[in-house]
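For reference, the chains in residue letters:
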Amino acid sequence: MVASIINCTSLEDADAVLIGAPYERGASFGRGAAGGPAAIVACLDRQIELFERHSRTEPASRYRIACRMLHDIGALPPEAMVERIAGAVLRSDGFVVLLGGTHSVSLGAFGAHAARSPARDVTVLQIDAHLDLRDDDSDYNDRDPGPYAHSCVMRRAREFGFQTCSVGIRAYSRSEYRYALDERLPVFEWGRGAEPPVDVILDAIKTDRVYLTLDVDGFDPAVMPATGTPVPGGISWAYGTRLLRELFLAKEVIGADIVEVAPAAGSGLTEYAAAQLCYDIVCYKLLKRDGELVFG
């Protein structure tokens, strides 16, 4: 039986902290993202192999990895949810991976990191099918539109002052397209020609410090089918995991989130893949911190 990757109960002593944010208020299509964090954590418990095959190491045997689930945020209005998550991230001394929930939860992490250091020195690297650059969601939500929708997170990232780089994009509105053009944002679309070499993406990131926000719909639905707003096409598993390895070699990743897992009955593929990405991210960060990140 594979041991649990989560091996530490003290958040203060942990090298890395996973924060579960089971929040799906404002989901625009499929529901179920509130179940994503628990499903990912369940896969991290006795499903994911401790041995990380690319680095030929077993980080869970040497690093302390803790988990905190924010069970009380589901009923909160968006502004309060963002504040609650920001506070949880700021109170965590270890490297934080936030597990959503809809993409709106990333706003809490953005706020926390902007409070810690100048946002202009950080690029938010977005893996996603959508640009998420709407100013609000009023064009498709006539019940309670607002600026905290999951389709607005990268617009808010820009307002915090972060640089951005978007990868895997293949769905956006006319207004988002115009905003990206006007702001000269680096956007790498999928399905409009050949996939860009990974080094071209990394060259588009002009800061050394990077925050990674990973919406699972950025991947091909063959890899990540259980998500609220799936889009055909997308990043292959081989390409996406190679991008992560090269990112951690080249940059200082200060935090990450994995969002929009909406578990579907009869298939554990999406949450398993998300859990593998989560473990990879934690492994690469801690090995890089200790000057030991080498891929064989």
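Procedures and definitions
- Residues numbered from 1 in each chain as written.
- Predicted model: local features only at pLDDT ≥ 70, side-chain atom pairs only at ≥ 80, totals over all residues.
- Heavy atoms only, no water.
- Axes fitted to C-alpha atoms, helices over the stretch in contact; angles between N-to-C directions.
- Helix = DSSP H or I, 4+ residues; strand = E, 2+ residues; numbered from the N terminus.
- Parallel < 35°, antiparallel > 145°, perpendicular 65-115°, else oblique.
- Left-handed = near helix turned anticlockwise from the far one by under 90°.
- Contact = heavy atoms within 4.5 Å.
- Nonpolar A, V, L, I, M, F, W, Y, C, P; charged D, E, K, R; others polar.
- Polar contact = N/O pair within 3.5 Å; in protein donor to acceptor, adjacent residues only side chain to side chain.
- Salt bridge = Lys/Arg side-chain N within 4 Å of Asp/Glu carboxyl O.
- Buried < 20%, exposed > 50% of the residue type's maximum accessible area, 1.4 Å probe, protein only.
- Pairing = 2+ DSSP bridges.
- Right-handed = clockwise from strand over helix to strand, strands pointing away.

Caption draft 1: Local environment of the packing of helix 7 (residues 237–250) against helix 8 (residues 269–289). The geometry of helix 7 relative to helix 8 is characterised by a closest axis approach of 9 Å and an angle of 20° between their N-to-C directions. Between helix 7 and helix 8, the interaxial angle falls into the category roughly parallel. The hand of the helix 7/helix 8 crossing is right-handed. Where helix 7 abuts helix 8, its residues W237, T241, L244, R245, F248, L249 and A250 lie against A273, Q276, L277, I281, Y284, K285 and K288. In the contact of helix 7 with helix 8, the residues fall into 9 nonpolar, 2 polar and 3 charged.

Caption draft 2: Examining the side chain of E52 more closely. Counting through the fold element by element, E52 comes out in the loop between helix 1 (36–44) and strand 2 (65–69). Reaching out from E52, the side chain makes a polar contact with the side chain of Y284 at a distance of 3.2 Å. Setting aside anything within four residues of it in sequence, one finds E52 in contact with T57, P59, D280, C283 and Y284.

Caption draft 3: Main features of the pattern of salt bridges. Counted under the stated rule, the structure contains 13 salt bridges. The salt bridge partner of E159 is R156, with a shortest N-O separation of 2.8 Å. Of this pair, E159 and R156 both sit in helix 4 (residues 153–160), 3 residues apart, which is roughly one turn of that helix. The closest approach of N and O atoms between R209 and E252, which form a salt bridge, is 3.5 Å. With R209 in strand 7 (residues 209–215) and E252 in strand 8 (residues 252–259), this pair connects stretches of sequence that are 43 residues apart. Of the residues examined, E252 reaches a relative accessible area of 33% and is grouped as partly exposed. Members of the salt-bridge network, linked through shared partners, are D15, R64, R289 and D290.

Caption draft 4: The arrangement of unusual backbone geometry in detail. Looking along the chain, the bond that leaves G100 and enters G101 is cis, with omega of 20°. Along the polypeptide, G101 turns up in the loop between strand 3 (95–100) and helix 3 (106–116).

Caption draft 5: Structural context of the pairing of strand 5 (residues 163–169). Of all 7 residues that make up strand 5, 6 are buried, and the element is covered over most of its length. Two elements, strand 4 (residues 122–127) and strand 5, share 5 bridges in a ladder whose sense is parallel. Across the sheet, the residue bridging to V124 is T164, located in strand 5. As judged from the 3 bridges shared by strand 5 and strand 6 (residues 187–189), these two strands associate in the parallel manner. Across the sheet, residue S166 finds its bridge partner in strand 6, namely V187. Each parallel crossover has a hand, and the one from strand 5 via helix 5 (residues 174–183) to strand 6 is right-handed.

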